[in-house]
Amino acid sequence: MRAHEAGALHAEAGHRGPSWLREPDDVNALYPGLWSAGVERGDDGGLRVGGVAVRDLAAEFGTPLYVVDEDDFRSRARAFRAAFADADVYYAGKAFLSVATARWVAEEGLNLDVCSGGELAVALRAGFPAERIGLHGNNKSPAELTRALDAGVGRIIVDSFEEIDRLAALAAARGVRASVLVRTKVGVEAHTHEYIATAHEDQKFGFSIASGEAAEAVRAVLKQPSLRLLGLHSHIGSQIYDTAGFEVAARRVLGLQAAVRDEHHLELPELDLGGGFGIAYTSQDDPQPPDVLAAGLAEIIAHECAGYGLAVPRLSVEPGRAIAGPSTFTLYEVGTVKSVPLDGGASRRYVAVDGGMSDNIRTALYDADYSCTLASRASAAAPVLSRVVGKHCESGDIVVKDEFLPGDVVAGDLIAVPGTGAYCRSMASNYNHQPRPAVVAVRAGEARLIMRRETEDDLLALDVG
Ligand SMILES: Cc1ncc(COP(=O)(O)O)c(C=O)c1O
Ligand SMILES: N[C@@H](CCCC[NH3+])C(=O)O
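As annotated in an unreviewed UniProt entry, the chain carries the name Diaminopimelate decarboxylase and is attributed to Jiangella anatolica. Comment text from UniProt for the chain, heading Cofactor (unreviewed entry), reads "pyridoxal 5'-phosphate". As stated in UniProt under Sequence similarities (unreviewed entry), the record for the chain gives "Belongs to the Orn/Lys/Arg decarboxylase class-II family. LysA subfamily."

Quick look at the structure:
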């Protein structure tokens, strides 16, 4: 594990990590911001979560394994609920959605954002109240829209002119009035990876405010008797730490809100500023807690509304990563350890685990940084800068680019990677016909399988050739 500040960069064998990565004082220590509240190192040196030893989890459920600390997930959901007490919180199911997690979200009083027919199906199977669901997507099919209308979802966030017409016709045919928000593109360059920024002009989501397209979309919705316009929506991107982007977004979207009032004599009752709140993946990351975010957003909105002479609309937000991400770690078993010579006589230690880019694509796709620790035992061996890689046929199959692990890590050891609750299982693939791992929820000394591991039979069943 990383120690926060202490220690010198480990240079003995010429290993080189990023300049911020320091050799830890104690390689067995758990950096507090990265692990869910229920994770600790037990007296025998092995990691425990919710009172359960990870060695027992690996023995019972196999590896790789996503391990969710249920209390941690629920308490993050509650913290958002409490911080945004005067707003609506929609948990973004794309981060991770299963029947169990949908139920936790419902029980903790949050609403749910889904962005596909599949996510909607999971929510409905969980018995999630349809009126508390919002449906997203830049290319919702007629079948998805029909299903949403038939289920009675509370709101649909429209993202194209085709969709406005399509939805209006489907709603009219059913004799219902569908509540919609118009997704805007506010023209903000959010400080995050290009692939997860969603508010600059040259990307697929939303109607551009700057070009007048968003105002045109509002006109198009208002013309349809089968649609009810609740408000405007903006989501600037994901894994964002600063509120500067939200400030610009709120200013521009409320500018449109004021223009709508002036043109249509209509004050829209709601405003959705999306999700995107960042979490800590390494000791360098310093995310803001929900109450600070809530206070910041409330202040920005109040200020902008006062400037435009608007009544403050009811706010909604859509956090995904900030609720699911820190609740979960992935447990892997080490299979091989190699030392690879580098130029200048240095070497790099490759620790290969039994999963990889099929259960966590984020390192390869977004150049994401992760951390990890030896989980099955503690070690007194000196730390060695290591790269944790998977078992796939790609050299980019890296899980953790740089981490200090004890020098005696061997095959059969367990490694845990924290912060994998968001966008890991939900983006998992079957690359190399690797079955996707199981998800286990741990609470009060009990481990419960919430998604079973795929089997070779599952994969072979798809091949009908
Ligand atoms: C419309 C919308 N809302 C909410 C989210 C959730 O984002 P995050 O998990 O970063 O909070 C996303 C994903 O970026 C999104 O596209
Ligand atoms: N999948 C992205 C987040 C994007 C979410 C959808 N807009 C990630 O892993 O960071």
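What follows picks up the thread again.
Attention shifts here to the overall build of the chain. Across its full length, the chain holds twelve helices and 21 strands. For the chain, the spread of C-alpha atoms along the principal axes amounts to about 70 × 50 × 40 Å. Scored against the burial criterion, the 465 residues of the chain give a buried share of 56%. Long-range pairs, those at least 24 residues apart, make up 69% of the contacts in the chain between residues at least 6 apart in sequence. Put simply, the chain shows about 18500 Å² of open surface, and 50% of that area lies on carbon and sulfur atoms. Averaging the coordinates of the 45 positive side-chain charges in the chain and doing the same for the 64 negative ones gives two points 3 Å apart.

What follows concerns the environment of valine 260. By the element assignment, valine 260 lies in helix H8 (residues 244-264). What makes valine 260 buried here is its relative accessible area of 3%. Considered as a pair, valine 260 and phenylalanine 84 are 176 residues apart in the sequence and their alpha carbons are 26 Å apart. Beyond its immediate stretch of four places on either side in the chain, valine 260 contacts Val218, His265, Leu266 and Leu268.

What follows deals with the packing of aromatic side chains. In this structure the tally under the stated criterion is eight aromatic pairs. Between phenylalanine 246 and phenylalanine 277 the ring centres are 5.4 Å apart and the planes differ by 35°, which places this aromatic pair in the tilted class. Note that phenylalanine 246 is positioned in helix H8 and phenylalanine 277 in the loop between strand E12 (270-272) and helix H9 (290-308), a separation of 31 residues in sequence. Judged by its relative accessible area of 3%, phenylalanine 246 is buried. An aromatic cluster of at least three residues, connected via ring pairs, comprises Phe80, Phe84, Phe246 and Phe277.

Take the pairing of strand E8 (residues 155-158) next. Of the two faces of E8, the one holding Arg155 and Ile157 and the one holding Ile156 and Val158 are both buried throughout. As paired elements, strand E7 (residues 133-135) and E8 share two bridges and run parallel to each other. The partner of leucine 135 across the bridge, within E8, is isoleucine 156. Considered for its hand, the β-α-β crossover made up of E7, helix H5 (residues 142-151) and E8 is right-handed. Looking at chain direction, E8 and strand E9 (residues 178-185) are connected through three bridges and run parallel. Its bridge partner being in E9, isoleucine 156 is matched across the sheet by valine 180.

The next thing to look at is the site of ligand 2. Taken together, Lys94, Ile196, Ser238, Arg321, Arg362, Tyr366, Tyr423 and Met427 make up the full set of residues adjacent to ligand 2. For ligand 2, an oxygen atom lies 2.6 Å from a polar atom in the side chain of arginine 321. One of the side-chain nitrogen or oxygen atoms of tyrosine 366 is found 2.8 Å away from a nitrogen atom of ligand 2. Taken by itself ligand 2 offers 310 Å² of open surface, and the protein chains cover 84% of this.

Now for the packing of helix H2 (residues 70-83) against H9. Close contact between H2 and H9 brings their axes to 8 Å; oriented N to C, the two are set at 30°. The angle between H2 and H9 places the two elements in the roughly parallel class. In terms of crossing hand, the pair formed by H2 and H9 is right-handed. In contact with Ala79, Phe80 and Ala83 of H2, H9 contributes Pro290, Asp291, Leu293 and Ala294. Here the contact of H2 with H9 is composed, by residue class, of six nonpolar, no polar and one charged.

Ordered by their spatial adjacency, three strands build an open sheet running E1-E2-E3, and the pairing between neighbours is antiparallel. Two strands lie at the open edges of the sheet, namely strand E1 (39-41) and strand E3 (52-53), each paired on one side alone.

In the vicinity of ligand 1, 16 residues are found, and the nearest of them are His235, Ser238, Glu318, Arg321 and Tyr423. In isolation ligand 1 has 400 Å² of accessible area, and contact with the protein removes 93% of it. Here ligand 1 occupies the largest pocket. Split by residue class, the shell around ligand 1 holds four nonpolar, seven polar and five charged.

This part takes up the UniProt feature "modified residue: N6-(pyridoxal phosphate)lysine" (unreviewed entry) in the chain. The UniProt record marks Lys94 with the feature "modified residue: N6-(pyridoxal phosphate)lysine" (unreviewed entry), using the residue numbering of this structure. By secondary structure assignment, the location of lysine 94 is in the loop between strand E5 (88-92) and helix H3 (99-107). Not counting residues up to four positions away in its chain, the partners in contact with lysine 94 are Asp113, Cys115, Glu119, Tyr423 and Ser426.

Reading the values: the criteria
- Residues numbered from 1 in each chain as written.
- Chains lettered and ligands numbered in written order.
- Predicted model: local features only at pLDDT ≥ 70, side-chain atom pairs only at ≥ 80, totals over all residues.
- Heavy atoms only, no water.
- UniProt positions renumbered as here; feature names shortened; annotations may be inferred.
- Helix = DSSP H or I, 4+ residues; strand = E, 2+ residues; numbered from the N terminus.
- Buried < 20%, exposed > 50% of the residue type's maximum accessible area, 1.4 Å probe, protein only.
- Contact = heavy atoms within 4.5 Å.
- Areas by Shrake-Rupley, 256 points an atom, 1.4 Å probe, with all protein chains shown as cover.
- Lys, Arg positive; Asp, Glu negative; His and termini not counted.
- Charge placed at Lys NZ, Arg CZ, Asp CG, Glu CD.
- Phe/Tyr/Trp six-rings, centres within 6.5 Å; stacked < 30°, edge-to-face > 60°.
- Pairing = 2+ DSSP bridges.
- Right-handed = clockwise from strand over helix to strand, strands pointing away.
- Near = heavy atom within 4 Å.
- Polar contact = N/O pair within 3.5 Å; in protein donor to acceptor, adjacent residues only side chain to side chain.
- Axes fitted to C-alpha atoms, helices over the stretch in contact; angles between N-to-C directions.
- Parallel < 35°, antiparallel > 145°, perpendicular 65-115°, else oblique.
- Left-handed = near helix turned anticlockwise from the far one by under 90°.
- Nonpolar A, V, L, I, M, F, W, Y, C, P; charged D, E, K, R; others polar.
- 1 Å grid on protein atoms, 1.4 Å probe; cavity = no way out; pocket = protein on both sides within 12 Å on 5 of 7 lines; lining within 4 Å.
- Sits in = over half its atoms within 2 Å of the grid points.

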